[in-house]
Amino acid sequence: MQQPRISFLIVLIVIVLASCATQKSSTTSTQGKYSEDLSIWRPKEVEANVDNIKTTAPSDGRKQTAYVEPKYAVNKQIDVVLDSIDRYNLSRNYIEGFTIQIYTGLKREDALSAKKQLTNMLPDMDAEVQYAQPNFRVKVGKYFNRLEAQQDYSEVKRYFSSAIIVPDKIVIDK
């Protein structure tokens with residue numbers, strides 16, 4: 001078991017020494033510093049198709065660059081998709097958003113008193129009473145995402161323990 005391992009190590013050492021010997025012949029030494037010519041590995045300039053190139057000369061003395069016409073442009077296809085999305089958005093009268101619901105119940109008087117109590121406690125927030133048979137709901141704010149609603153929710157929750165954030169449709173004023 002030891003004999004194959006030792007012979008493998010000897011072969012490996014011979015290969016390493018041989019590669020070092022070939023590197024020394026390809027390197028040049030100036031004042032004991034290592035240097036090597038790597039020009040064979042550098043990319044070569046490829047001649048471009050002259051029909052697709054338009055040259056432009058910059059006025060500030062910089063190097064002249066070549067313009068190459070794109071072969072695989074998808075701008076027209078993207079424009080079609082964006083136009084269809086625009087038409088769809090213009091036809092919508094609402095967006096999906098969130099509101100804070102502070103009251104839901106059967107009595108109109110309780111809903112109006114909850115709205116009045118919110119106006120007294122937090123005057124900068126506007127509440128609205130909605131009737132969806134058979135319940136009255138008092139909702140506060142119109143938010144595009146739940147994170148925006150969460151900021152006001154923490155204030156409202158101090159005064160209304162039953163307040164919750166609910167998904168709602170926000171009407172777009174055109």
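So, here's what we can say about the structure. The written sequence of each chain sets the order in which its residues are numbered from 1. Totals for whole chains, interfaces and linings use every residue, but because this is a predicted model, local features are given only for residues with pLDDT of at least 70 and side-chain atom pairs only at 80 or more, for both listing and counting. Only hydrogens and water are removed before side-chain values are computed, so all heavy atoms of the structure are retained for them.

## With respect to the overall build of the protein chain
Scanning the protein chain from terminus to terminus reveals 4 helices and 8 strands. Secondary structure follows DSSP: runs of H or I at least 4 residues long count as helices, runs of E at least 2 residues long count as strands, and numbering of each begins at the N terminus. Counting from the amino terminus, the protein chain carries its helices and strands in the arrangement α-β-β-β-β-α-β-α-β-β-α-β. Out of the 174 residues belonging to the protein chain, those deemed buried represent 17%. Two residues qualify as a contact provided that any one of their heavy atoms is within 4.5 Å of a heavy atom in the partner residue. Of all intrachain contacts in the protein chain linking residues separated by at least 6 positions in sequence, the fraction that spans at least 24 positions is 63%. Only protein chains enter the calculation, and the probe is 1.4 Å; a residue is then buried if its accessible area is under 20% of its type maximum, exposed if over 50%, and partly exposed in between.

## Overview of the pairing of strand β6 (residues 127–132)
We treat two strands as partners when DSSP finds at least two bridges between them. Where β6 meets strand β7 (residues 135–143), 6 bridges bridge the pair, whose relative direction is antiparallel. Looking at the pairing, A127 lines up with V140 of β7. In textbook terms, the turn of a hairpin is the stretch between consecutive antiparallel strands, and for β6 and β7 this stretch comprises 2 residues.

## Here's the deal with helix α3 (residues 108–121)
By definition here, a helix of n residues has an expected span of 1.5 Å times n minus one. Between its first and last C-alpha, α3 extends 20 Å over 14 residues, near the 20 Å set by a 1.5 Å rise per residue. Of the positions making up α3, those classed as buried are A111, A114 and L118. Relative to the axis of α3, the buried residues are bounded by an arc of 60 degrees and lie together on one face. Exposed residues pointing more than 90 degrees away from the buried face of α3 are listed as R108, E109, K116 and N120. Considering only its buried residues, α3 is in contact with β5 (94–105), β6, β7 and α4 (146–159). The arc refers to the directions leading from the helix axis to the C-beta atoms.

## A short note on the side chain of D168
Within the element layout of this structure, D168 appears in strand β8 (residues 164–171). What D168 contacts, discounting residues up to four positions off in sequence, is I95, E96, G97, F98, T99 and K139.

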